[in-house]
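Letter by letter, the chains look like this.
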Amino acid sequence: MTYAIKSLSGLADVGLLRRGDVPALVPVAERYAVAVTDTIVKLIDRDDPRDPIARQFVPSEAERVVAPDERADPIGDEAHSPVPGIVHRHKDRVLFKLVHACPVYCRFCFRREMVGPQGETSLSPQAFEAALAYIESHPEIWEVILTGGDPFVLNARRAGEVNARLAAVPHVKVIRWHTRVPVVDPGHITDDFVAALLVPAAATVVALHANHPRELTAQARAACARLIDAGIPMLGQSVLLRGVNDDVETLDALMRTFVEARIKPYYLHHADLAPGTSHFRVPLEEGQRLMRELRARVSGVCMPQYVLDIPGGYAKVPIASSDVEKTAAGYRLRDHQGRWHSYPE
């Protein structure tokens, strides 16, 4: 049974923070949730001040710096939310934000203002039914993407109920779960939990978020194997992060590790304009260069698509494409409807 450290003093107790640094981090912890599972604690090299695992999960004073272009809702979920819990940005699919809790809280999270104890509350039973009614009333919805928060924090019984309710909607054919749990709490992926995800009327897909090859431990791979062996395909999602994976050697190892675990690399996200995260962002040109270098090193099966969510709710744009143009002030990005948007340097 895993546990999570959810306080600055707790992180200091296990040597992940110096006690003298704790007072300066109190404003960070008051604004953004903190949780690090024991699985992740064991991965962190305390002798390395630049450890890429610690950088993802341990709070830092850099989070107190909010850049002018950063925003609480950087990808514009709210603009496309017809009812609580639903984001309907694309015609054939919706995001269904079941919960607002995570087993760990990433320091670069684009929903960091919405998740955790300080964020939004999880859906009430009434709100859940209203969200499901919205999905039922829109026959164009082919895929439901379960997110949050991390929906894998649900127990097997509740996860099975959610999958069954969605699969009972005739036009819903794909149910996709986005999660970090196989990496940060692999013991949660029990045979009962896997069985709960299987429904005859719809395909279940799991997208795993991992940013560094060290995250895919033997235990994490075994958890993924339980899902895959049951017939659930898995995709890999990562975020390009300064100090974590912003070199081609790390990206190469990460993508190969995904594929060796039978997980198809799907998206490499450019870090969003979430508050207090500028120290994680890599310039677009540097990301494009890394993609060119990666393509020269690995086969197509290892290549993710490098994408950026256009701020304001205008969806993703592939960065290595003609939809990105350099300007004197930064960049222009063209969305899926052909509209151009400015983006800061």
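Being a predicted model, the structure only gives us computed values, none of them experimental.

Peer 1: Would you mind going over the packing of aromatic side chains with me for this structure?
Peer 2: How two aromatic rings sit relative to each other is given by the distance of their centres and the angle of their planes. Enumeration according to the criterion identifies 5 aromatic pairs in this entry. Relative to Trp177, the ring of Phe152 has its centre 5.6 Å away and its plane inclined at 55°; by these criteria the two rings are tilted. Of this pair, Phe152 sits in the loop between strand 5 (143-147) and helix 6 (156-167) while Trp177 sits in strand 6 (residues 174-179), and the two are 25 residues apart along the sequence. What makes Trp177 buried here is its relative accessible area of 0%. Summarising the aromatic geometry, the rings of Tyr266 and Tyr267 are spaced 4.1 Å apart at their centres and angled 25° between planes, so their arrangement reads as stacked. You can call Tyr267 buried: its relative accessible area is 16%. Over the ring of Tyr32 we find Arg112, and its NZ or CZ is 3.6 Å from the ring centre. Positioned over the ring face of Trp340 is Arg332, at 3.9 Å from the centre of the ring.

Peer 1: Mind showing me how you'd approach the packing of helix 5 (residues 125-136) against helix 6 here?
Peer 2: How two helices sit against one another is set out by the angle between their axes and by the gap between those axes. Between helix 5 and helix 6, whose axes approach to 11 Å, the crossing angle comes to 30°. By the angle class used here, helix 5 and helix 6 are roughly parallel. In this structure, helix 5 uses Phe128, Glu129, Leu132 and Ile135 to contact helix 6, whose residues at the interface are Arg158, Val162, Arg165 and Leu166. Across the contact of helix 5 with helix 6, the residue classes tally to 5 nonpolar, no polar and 3 charged.

Peer 1: Where do I start with empty space enclosed by the protein in this structure?
Peer 2: Gaps left between atoms are located by rolling a probe of water-molecule size over the structure's atoms. Within the structure shown, the criterion is met by 1 cavity of 30 Å³ or more. The volume enclosed by the largest cavity comes to roughly 40 Å³. Lining the largest cavity are Tyr32, Ala33, Tyr105, Cys106, Arg107, Cys109, Arg112 and Val115.

Peer 1: What is the right way to look at the packing of helix 10 (residues 248-260) against helix 11 (residues 284-297) in this model?
Peer 2: Contact geometry of helix 10 with helix 11 gives a least axis separation of 10 Å together with a crossing angle of 55°. Here helix 10 is positioned oblique relative to helix 11, judged by the angle of their axes. In the crossing of helix 10 with helix 11, the sense of the turn from one axis to the other is right-handed. Touching Val248, Glu249, Leu251, Asp252, Met255 and Arg256 of helix 10 are Leu290, Met291, Glu293, Leu294 and Arg297, all from helix 11.

Peer 1: Just to check I follow, could you spell out the side chain of Asp252 for this structure?
Peer 2: Relative to the helices and strands, Asp252 resides in helix 10. Of note is the side chain of Asp252, whose polar atom sits 2.9 Å from the side chain of Arg297.

Peer 1: In this structure, what is going on with helix 5? I would like to understand it.
Peer 2: Side chains that are three or four residues apart share a direction in an α-helix, a result of its 3.6 residues per turn. Helix length check: helix 5, at 12 residues, gives a terminal C-alpha distance of 16 Å against a target of 16 Å (1.5 Å per residue), a fit within 8%. Every buried residue of helix 5 is accounted for by Ala127, Phe128, Ala131, Leu132, Tyr134 and Ile135. What you see down the axis of helix 5 is that its buried residues fit within an arc of 155°, all on one side. Opposite the buried face of helix 5, at more than 90 degrees from it, the exposed residues are Pro125 and Gln126. Those residues of helix 5 hidden inside the fold are in contact with strand 3 (86-90), strand 4 (93-97), strand 5 and helix 6.

Peer 1: What is the right way to read the pairing of strand 7 (residues 203-209) from this model?
Peer 2: Side-chain direction in a regular strand flips from residue to residue, so the side chains alternate between the two faces of the sheet. Counting buried positions along strand 7 gives 6 out of 7 residues, so the element sits mostly inside the fold. In this structure, strand 6 lies alongside strand 7, joined through 6 bridges in parallel fashion. Counterpart to Arg176 in the pairing with strand 7 is Val205. Where strand 7 lies against strand 8 (residues 234-240), 4 bridges are found, and the strand directions are parallel. Pairing of His209 across the sheet is with Gln237, part of strand 8.

Rules behind the numbers
- Residues numbered from 1 in each chain as written.
- Predicted model: local features only at pLDDT ≥ 70, side-chain atom pairs only at ≥ 80, totals over all residues.
- Heavy atoms only, no water.
- Phe/Tyr/Trp six-rings, centres within 6.5 Å; stacked < 30°, edge-to-face > 60°.
- Helix = DSSP H or I, 4+ residues; strand = E, 2+ residues; numbered from the N terminus.
- Buried < 20%, exposed > 50% of the residue type's maximum accessible area, 1.4 Å probe, protein only.
- Lys NZ or Arg CZ within 6 Å of the ring centre and 35° of its normal.
- Axes fitted to C-alpha atoms, helices over the stretch in contact; angles between N-to-C directions.
- Parallel < 35°, antiparallel > 145°, perpendicular 65-115°, else oblique.
- Contact = heavy atoms within 4.5 Å.
- Nonpolar A, V, L, I, M, F, W, Y, C, P; charged D, E, K, R; others polar.
- 1 Å grid on protein atoms, 1.4 Å probe; cavity = no way out; pocket = protein on both sides within 12 Å on 5 of 7 lines; lining within 4 Å.
- Points joined across faces, edges and corners; volume = space filled by probe spheres on them.
- Left-handed = near helix turned anticlockwise from the far one by under 90°.
- Polar contact = N/O pair within 3.5 Å; in protein donor to acceptor, adjacent residues only side chain to side chain.
- Expected span 1.5 Å × (residues − 1).
- Arc of directions from axis to C-beta.
- Pairing = 2+ DSSP bridges.

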